[in-house]
Amino acid sequence: MTPFLASAPLRIAAVMMMAALASAPVLARGGATATTTGTLRVEVGNVRTAQGRVHIYVCTEAQFLKTCPLKAEAPARPGMTVVTVNGLPAGRYAVQAFLDENGNGKLDRALFGVPKEGVGFSNDARIKLAPPKWSDAVFDATGADQTIKFNLRYFIGGDARR
């Protein structure tokens, strides 16, 4: 047997022992993990219609402006729509949102990629010829319940408050 294969059982035993030691504190606490999570309440303002749904995506820096796995939605309510995300771990995030007026589940765009539906970002980050930078939209989630607020902006159609 080669030295690599001879040591494989020892490596497996060492990995199993390390895994057991790492899980011991978790088992001692009754299965609870040290990670705290909270509810993020996102108050999305400047919703221009009751048609459709407001979608939000909570993103890490690597996911920002891409596909964010942490998402939620709520029926649109004129003025302000509240969308909540439960179980958000402490960390640095940015929220991106859009008003899906026609209910097709995606942000519709016009020529040159201009959004046809309302869009917004945490910290009310401005959109200037391009989406905002991560640094403009980032916020710290504490792992406890918290609320953030921002407004949608429209580039086509009524209520073009920017």
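These lines cover the structure that appears in this document, whether it is placed above or below. Computed from a predicted model, the values in this text were never measured in an experiment.

A count of helices and strands for the protein gives two helices and eight strands. Scanning the protein from its N terminus toward the C terminus, one meets helices and strands in the order α-β-β-β-β-β-β-α-β-β. Out of the 162 residues belonging to the protein, those deemed buried represent 35%. Within the protein, contacts between residues at least 6 apart in sequence are counted, and of these 69% link residues at least 24 apart. As displayed, the protein has an accessible area near 9600 Å², and 61% of this comes from carbon and sulfur atoms.

Our focus in this paragraph is the environment of Val42. Structurally, Val42 is set in strand 1 (residues 37–47). In the structure, Val42 is positioned 38 residues away from Met80 in sequence and 9.9 Å away in space, judged by C-alpha atoms. Look past the residues within four positions of Val42 in its chain and what remains in contact with it is Ile56, Thr81, Val82, Val83, Val95, Ile148 and Phe150.

On to the side chain of Asp108, then. Mapping Asp108 onto the fold places it in the loop between strand 5 (91–100) and strand 6 (119–121). Of the side chains bearing the opposite charge, Lys106 lies closest to the buried Asp108, which forms no salt bridge; the N-O distance is 4.7 Å. Polar side-chain contacts of Asp108 include one of 2.8 Å to the side chain of Asn104. The residues contacting Asp108, other than those within four sequence positions of it, are Asn102, Val114, Pro115, Lys116 and Glu117.

This part takes up the state of the cysteines. Taken as a whole and assessed by the stated rule, the structure comprises one disulfide. What pairs with Cys59 in a disulfide is Cys68, and their sulfur atoms sit 2.0 Å apart. Across the S-S bond of Cys59 and Cys68 the torsion is about 100°, and the bridge reads as right-handed. Accessibility assignment for this pair places Cys59 and Cys68 in one class, buried.

About the criteria used
Residues numbered from 1 in each chain as written. Predicted model: local features only at pLDDT ≥ 70, side-chain atom pairs only at ≥ 80, totals over all residues. Heavy atoms only, no water. Helix = DSSP H or I, 4+ residues; strand = E, 2+ residues; numbered from the N terminus. Buried < 20%, exposed > 50% of the residue type's maximum accessible area, 1.4 Å probe, protein only. Contact = heavy atoms within 4.5 Å. Areas by Shrake-Rupley, 256 points an atom, 1.4 Å probe, with all protein chains shown as cover. Lys, Arg positive; Asp, Glu negative; His and termini not counted. Salt bridge = Lys/Arg side-chain N within 4 Å of Asp/Glu carboxyl O. Polar contact = N/O pair within 3.5 Å; in protein donor to acceptor, adjacent residues only side chain to side chain. Disulfide = S-S within 2.5 Å.

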